[in-house]
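Residues per chain, in single letters:
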Amino acid sequence: MRVKLAELVLSLGILVLGIAVAVGTARLPSAGGYARIGPNFMPAAVAAGLILLGIWLTYEALSGGWRGMPDAPEASGQHGFHAGAFVWVSVGLFAQMLLIHWAGFVLAGAALFVCVARGFGSARPARDCAIGIVMALGVFFFFVRFLNVNLPAGWLKPILGGAGI
């Protein structure tokens, strides 16, 4: 029986991530409000799920490998790693993180959408930008108007009026 190093590393990584989330969750207050559920409930549930998944995958990795995995990626219709797509999606995530407080949620979301669309093969950035703005505006107004969550309006504050911060 041969252990595949990649499966074992990924399995242990998920287990360590679950333990790290559990440690972070232990630092959150547990006092619940009127619902009797504190702010640590969902992170604790996620931590428990990650720990259980990590244990299960580690067991499988050590006892013959993950079950149900196809032998050859080509036979299952899967594709190999595409570095260009990874770079475009990563650039989009970093652009959103850098732009959200400066340019606002809508423009940061549109930048993310354009980069992800490019990573998935789109060659029409103007169309992607328009779609990204419309989608980000919808999400922005849903959070600001219905959920009363303040999101940064940024450069669009004069256009968006009192919505956002």
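The model shown is predicted, which means the values in this text are computed figures rather than measured ones.

The rules behind the values
In this convention, every chain numbers its residues from 1, walking through the sequence in written order. At least 70 in pLDDT is required for a residue's local features to be given in this predicted model, at least 80 for side-chain atom pairs to be given and counted, and no such filter applies to totals for whole chains, interfaces and linings, which use all residues. By convention in this description, side-chain values take in all heavy atoms of the structure and omit both hydrogens and water. Runs of H or I in DSSP of at least four residues are treated as helices and runs of E of at least two as strands, each being numbered from the N terminus. Only protein chains enter the accessibility calculation, which uses a 1.4 Å probe; a residue whose area is less than 20% of its type maximum is buried, one above 50% is exposed, and one in between is partly exposed. Two residues form a contact once any of their heavy atoms are found within 4.5 Å. Using a 1.4 Å probe, the Shrake-Rupley method yields the accessible areas, and only the shown protein chains count as cover for residues. Here, a salt bridge means any side-chain nitrogen of Lys or Arg that lies within 4 Å of a carboxyl oxygen of Asp or Glu. To estimate how far a helix should extend, the number of its residues minus one is multiplied by 1.5 Å. Confidence scores here are pLDDT values: one per residue, from the predictor, ranging 0 to 100. Here the axes come from fitting lines to C-alpha atoms, over the contacting stretch only for helices, and the angles between their N-to-C directions go from 0 to 180 degrees. Between 65 and 115 degrees an angle is taken as roughly perpendicular, under 35 as roughly parallel, over 145 as roughly antiparallel, and anywhere else as oblique. Note on convention: near helix rotated counterclockwise from far helix by under a right angle means a left-handed crossing. Clockwise means right-handed. The nonpolar class holds Ala, Val, Leu, Ile, Met, Phe, Trp, Tyr, Cys and Pro. Asp, Glu, Lys and Arg form the charged class, and all remaining residues, Gly among them, are polar. Working definition of a nonpolar core: buried Ala, Val, Leu, Ile, Met, Phe, Trp, Tyr and Cys residues. They are joined through side-chain atoms within 4.5 Å.

A.B. asks: Go over the overall build of the chain with me, naming the residues and quoting the values.
C.D. replies: Helix and strand counts for the chain stand at 7 helices and 0 strands. Beginning at the N terminus, the succession of helices and strands in the chain can be written as α-α-α-α-α-α-α. Burial analysis of the chain (165 residues in total) assigns 29% to the buried set. Sequence-distant contacts, at least 24 apart, represent 50% of the contacts inside the chain between residues at least 6 apart. Put simply, the chain shows about 11300 Å² of open surface, and 72% of that area lies on carbon and sulfur atoms.

A.B. asks: Tell me what's going on with the environment of V89, and back it up with residues and numbers.
C.D. replies: Topologically, V89 is positioned in helix α4 (residues 83-99). A C-alpha to C-alpha distance of 8.7 Å links V89 and F120, two positions 31 residues apart in sequence. Those residues within four positions of V89 in sequence are excluded, and the remaining contacts are C115 and V116.

A.B. asks: Would you mind going over the pattern of salt bridges in detail, with residue names and values included?
C.D. replies: Under the defined criterion, the tally for this structure stands at 1 salt bridge. When the shortest N-O distance is used, the salt bridge between R127 and D128 registers 3.2 Å. A relative accessible area of 37% means that R127 is categorised as partly exposed. On the basis of relative accessibility, which here comes to 3%, the residue D128 falls in the buried class.

A.B. asks: Give me the lowdown on helix α5 (residues 105-119), citing residues and values where you can.
C.D. replies: Helix length check: α5 (15 residues) gives 21 Å between terminal C-alpha atoms against 21 Å at 1.5 Å per residue, within 8%. Among the residues making up α5, those that are buried are F105, V106, A108, G109, A110, A111, L112, C115, A117 and G119. Of the surrounding secondary structure, the elements contacted by the buried residues of α5 are α4 and α6 (125-146). Downstream of α5 by a residue or two, G121 has a phi angle that is positive, lying close to 105°.

A.B. asks: Pulling in residues and values, what's your account of the confidence of the model for the chain?
C.D. replies: Predicted confidence across the chain gives a mean pLDDT of 88, with 89% of residues reaching 70 or more. Mean pLDDT across the secondary structure elements of the chain bottoms out at helix α3 (residues 73-76), with 55, and peaks at α5, with 97.

A.B. asks: An account of the packing of α5 against α6 is needed here, citing residue identities and associated values.
C.D. replies: Direction vectors running N to C along α5 and α6 enclose 135°, while the axes themselves pass 7 Å from each other. In terms of axis orientation, α5 runs oblique to α6. The chirality of how α5 crosses α6 is right-handed. Residues F105, V106, G109, A110, F113, V114 and A117 of α5 form the contact with α6, whose own contacting residues are P125, D128, C129, I131, G132, I133, M135, A136, L137, V139 and F140. Residues of the contact of α5 with α6, tallied by class, amount to 15 nonpolar, 2 polar and 1 charged.

A.B. asks: Quick one: what's the story with the nonpolar core, residue by residue and with numbers?
C.D. replies: Core analysis: the biggest nonpolar cluster contains 10 residues, these being F105, V106, A136, F140, V144, L151, A153, L156, L160 and A163. Only α5 and α6 provide two or more residues apiece to this core. Looking at this core, the element that brings in the most residues is α6, giving 3 residues. Discounting chain neighbours no more than four positions away, the residues touching A136 are F105, V106, G109 and A110. Counting 6 residues, the second-largest nonpolar core is a separate cluster that includes L8, I14, L57 and W66.

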